[in-house]
Every structure is written in C-alpha cells, then in structure tokens.
Amino acid sequence: MKKYSFRVMTWLGALTLLVTACQKPDEVAPPRQLIPREKMVRLLIELHTLEARTDAAGLPTDSARALFHVAQKNLYWRYEVNDSSFTQSYRYYAIHDKDLDEIYAAVVDSLALREAKLQPAGTPQGPVINRN
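Residues numbered from 1 in each chain as written. Predicted model: local features only at pLDDT ≥ 70, side-chain atom pairs only at ≥ 80, totals over all residues. Heavy atoms only, no water.

Comments concerning the overall build of the protein chain
Secondary structure summary: the protein chain contains 5 helices and 0 strands in total. Secondary structure of the protein chain in N-to-C order comes out as α-α-α-α-α. The buried share among the 132 residues of the protein chain stands at 30%. Only carbon and sulfur atoms are counted for the fraction: they give 58% of the accessible area of the protein chain, which is about 9,400 Å². (Helix = DSSP H or I, 4+ residues; strand = E, 2+ residues; numbered from the N terminus. Buried < 20%, exposed > 50% of the residue type's maximum accessible area, 1.4 Å probe, protein only. Areas by Shrake-Rupley, 256 points an atom, 1.4 Å probe, with all protein chains shown as cover.)

Structure below.
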C-alpha cells in the first residue's frame, strides 16, 4: 500500500505542477461547486487519516485500494461532496498556491495535534531509532 500512497502523492504533485504551469491564478474562475476552505481542510484531514489507516491495515495492494475507494466514497457522502467537486476544488486551490499552502498548513497542524494526543505521556516524539 505504501507504493499506492507514493503514487497518489506523486500524481497529485505532478497534477499541481502541470496546472500551475499552464494557468495563472487570475485566469481561473472558481468552480460552481467550490468546497469552502474550512470544509476542504476537514475533508483532507479525514482523507489523509483514512489513507494512513488503510496503509496500516497490512492488506494486499488490491484489497487496500478497494477498501480506500469505498471509504473515500462514504467520506464524500458524509461531507455532501462528489469526487468531481473535490477534484475541481483541489485544482482551484492548487492553482492558487498560497491558498493550498494555507489549507495544507492547517491539515498538517491538525494531524500533528491528533498524533500528539495519541502518544502516551513521557513517550519521545518522532521516530524511534534502534542503535543496536
């Protein structure tokens, strides 16, 4: 599943570069169904958490991918968005680099806070290095 995560992030990065290279922020009108920033932040937090849980499940790649897609559709349904409006909104925010940077800053902060709350008191943060 790690290969799948890497592929998704690589694809999103390539898409972002392609879109930002081809268009200027002033030229792009917001899509009709633009997901508001705060909702986009919450949705991205849930998507990244879902991806991490799917990775941690230790399933074969095909099974993990199928599980992720089913859960992703349920997540879109809960947030009352569809994959098209998500893609268009992500593209719009990606074209406006500062917007996407601010959105992901909030996503990373929220995920880091969640991770810190899950760690028992006195546990060092960060990766554990075995020096044996």
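Points about helix α4 (residues 83-95)
Here α4 contains 13 residues, and its C-alpha end-to-end distance of 18 Å stays within 8% of the 18 Å for a straight helix at 1.5 Å per residue. For α4, the set of buried residues is Ser85, Phe86, Ser89, Tyr90, Tyr92, Tyr93, Ala94 and Ile95. Of the residues flanking the start of α4, the one acting as N-cap is Asn82, its side-chain oxygen 3.1 Å from the backbone nitrogen of Ser84. (Expected span 1.5 Å × (residues − 1). Polar contact = N/O pair within 3.5 Å; in protein donor to acceptor, adjacent residues only side chain to side chain.)

Notes on the packing of α4 against helix α5 (residues 97-118)
How two helices pack is summed up by the angle between their axes together with the distance between the axes. The interhelical angle for the contact between α4 and α5, taken along N-to-C directions, is 110 degrees, at an axis separation of 4 Å. Considering their axes alone, α4 and α5 lie roughly perpendicular with respect to each other. Facing Tyr90, Tyr93, Ala94 and Ile95 of α4, the residues of α5 in contact are Asp97, Asp99, Leu100, Ile103 and Tyr104. Its residues placed into classes, the contact of α4 with α5 shows 7 nonpolar, no polar and 2 charged. (Axes fitted to C-alpha atoms, helices over the stretch in contact; angles between N-to-C directions. Parallel < 35°, antiparallel > 145°, perpendicular 65-115°, else oblique. Contact = heavy atoms within 4.5 Å. Nonpolar A, V, L, I, M, F, W, Y, C, P; charged D, E, K, R; others polar.)

Some thoughts on the side chain of Thr54
Assignment of secondary structure puts Thr54 in helix α2 (residues 37-56). On the basis of relative accessibility, which here comes to 3%, the residue Thr54 falls in the buried class.

Digging into helix α3 (residues 61-78)
With 18 residues, α3 extends 25 Å from end C-alpha to end C-alpha; this agrees with the ideal 26 Å at 1.5 Å per step. Along α3, the residues that are buried comprise Ala64, Phe68, Gln72, Leu75 and Tyr76. One face of α3 carries all of its buried residues, which in axial projection span an arc of 100 degrees. Along α3, the residues that are exposed and aim more than 90 degrees away from the buried face are Asp62, Val70, Lys73 and Trp77. (Arc of directions from axis to C-beta.)

Some remarks on the pattern of salt bridges
Counted according to the given criterion, the structure contains 5 salt bridges. Among the salt bridges present, the one from Arg78 reaches Glu46, with a minimum N-O distance of 3.9 Å. Remark: Glu46 occurs in helix α2 and Arg78 occurs in helix α3; sequence separation between them is 32 residues. On the basis of relative accessible area, Glu46 is assigned to the partly exposed category, the value being 21%. (Salt bridge = Lys/Arg side-chain N within 4 Å of Asp/Glu carboxyl O.)

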